[in-house]
Amino acid sequence: MTGKILFVMPRSAGDVLCSTSLLRSIKELYPNCVLHFATERSFFNILKNNPYIDEVIEYQEYMNNIFHLEGCGEHKGDYEIAYLPFLNSQSIMTYQHNTHNKIAYSIKY
Amino acid sequence: MHFLECYALNCGLKIDKPFIHEEECEVPSGEYITFHGTHDFQSKSYSHWQSVIDLVLAECPNLKIVQIGNESNAKKYSGTLDYLNKTDFNQSAYLVKRARLHFGIDSFPGHLASCFEVPSVLLYSHTYKEQCYPFFTEPKYLRLIQAPLNTHRPCYNIKENPACIDNVRPYEIFSHIQDLLE
């Protein structure tokens with residue numbers, strides 16, 4: 001996969017910092033992906049020079065909608081995969097996701 | 001479950017080490033410990049920090065206490081070195097990494113100290129400590145104090161009246177600091 005991946009963590013500083021520990025795992029799963037990290041502008045410096053992030057972008061309200069980000073039906077999203085770890089629904093979406101290897105569990109069909 | 005474990009589980013990702021870029025800043029000469037005691041959340045604001053600081057300074061007169069934080073309403077405590085609103089996230093990383101210990105409330109500097117495995121004494125009030133503890137620090141270098149709750153569970157609210165955090169005795173915090181410094 002060579003597409004764009006978005007990791008969303010709007011706030012707060014401690015959550016943004018701790019989240020950086022998950023990014024290596026994304027790059028290992030998708031070594032050729034372009035990883036964007038969305039957060040509030042006041043936390044941009046926490047992500048400065050992070051070796052796993054290609055671009056830090058400002059968090060917007062619409063980024064809470066995984067269907068908007070990844071696309072759904074006729075709507076084509078901007079990202080191949082979007083991670084929204086702070087949403088409870090993310091665990092369900094991870095399971096249902098059409099990108100099977102987004103799920104780190106071994107699933108035999 | 002810790003919130004980071006919850007994030008990892010939600011996304012199917014593995015937890016590695018966190019990363020923050022350090023930016024050099026002026027650090028105090030000699031040994032120092034960092035302290036972050038003020039938060040915009042009223043439920044995290046402890047009323048007796050001055051007593052804790054006085055106890056630490058009485059026991060360790062040569063140790064410097066650096067007060068950090070960037071809150072608009074931050075209260076300056078006497079006997080501390082004033083770094084309030086003087087360091088950004090990256091400079092705070094540089095400062096905290098070189099500290100002998102960090103103490104204060106559950107906040108960003110607590111997690112920062114955890115990134116560098118700096119021994120920490122932290123207070124928890126409106127959440128369970130099990131959900132927010134400094135994830136990357138070895139337990140033997142941590143002293144986590146859960147404030148005796150006024151209700152059957154933490155309030156999970158930015159305001160709590162009366163605030164359960166004030167149920168913690170200053171001497172208890174001091175004794176944990178003393179323990180880790182030894």
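Predicted model only: the values in this text are computed from it and were never measured.

Draft legend 1. Inspection of the pairing of strand β4 (residues 102-105) of chain B at higher detail. All names here are of chain B. Looking at chain direction, strand β1 (residues 32-36) and β4 are connected through 3 bridges and run parallel. In the strand pairing of β4, H36 is matched with G104. One ladder, built from 4 bridges, connects β4 with strand β5 (residues 120-124); its direction is parallel. Bridge assignment links H102 to a residue of β5, and that residue is S120. In the classification by handedness, the crossover that spans β4, the intervening helix α4 (residues 108-115) and the parallel β5 is right-handed.

Draft legend 2. Spatial organisation of the packing of helix α3 (residues 89-97) of chain B against α4(B). All names here are of chain B. Contact pair α3 / α4: the axes reach a minimum separation of 9 Å and the direction vectors enclose 60°. By the angle between their axes, α3 is oblique relative to α4. Of the two elements, α3 crosses α4, and the hand of that crossing is right-handed. Counted together, S92, A93 and V96 of α3 and P109, L112 and A113 of α4 form the full contact between these two elements. Here the residues of the contact of α3 with α4 are counted per class, giving 5 nonpolar, 1 polar and no charged.

Draft legend 3. Fine view of the interface of chain B and chain A. Residue-level contacts link 25 residues of chain B with 27 residues of chain A. Those elements that provide at least two residues to the side of chain B that touches chain A are α1 (3-11), α3 and α4 of chain B. Counting residues per element, the side of chain B that touches chain A draws most heavily on α1(B), at 6 residues. Looking at side-chain class alone, the side of chain B that touches chain A contains 15 nonpolar, 6 polar and 4 charged residues.

Draft legend 4. Main features of helix α6 (residues 170-181) of chain B. All names here are of chain B. Relative to the 16 Å expected for 12 residues at 1.5 Å per residue, α6 spans 17 Å between its end C-alpha atoms, a close match to the ideal helical length. If you check which residues of α6 are buried, you get I173, F174, H176, I177 and L180. When α6 is viewed along its axis, its buried side chains cluster within an angular range of 160° and face the same direction.

What counts and what doesn't
- Residues numbered from 1 in each chain as written.
- Chains lettered and ligands numbered in written order.
- Predicted model: local features only at pLDDT ≥ 70, side-chain atom pairs only at ≥ 80, totals over all residues.
- Pairing = 2+ DSSP bridges.
- Helix = DSSP H or I, 4+ residues; strand = E, 2+ residues; numbered from the N terminus.
- Right-handed = clockwise from strand over helix to strand, strands pointing away.
- Axes fitted to C-alpha atoms, helices over the stretch in contact; angles between N-to-C directions.
- Parallel < 35°, antiparallel > 145°, perpendicular 65-115°, else oblique.
- Left-handed = near helix turned anticlockwise from the far one by under 90°.
- Contact = placed C-beta atoms within 7 Å.
- Nonpolar A, V, L, I, M, F, W, Y, C, P; charged D, E, K, R; others polar.
- Expected span 1.5 Å × (residues − 1).
- Buried ≥ 20, exposed ≤ 12 C-beta atoms within 10 Å, placed from the backbone.
- Arc of directions from axis to C-beta.

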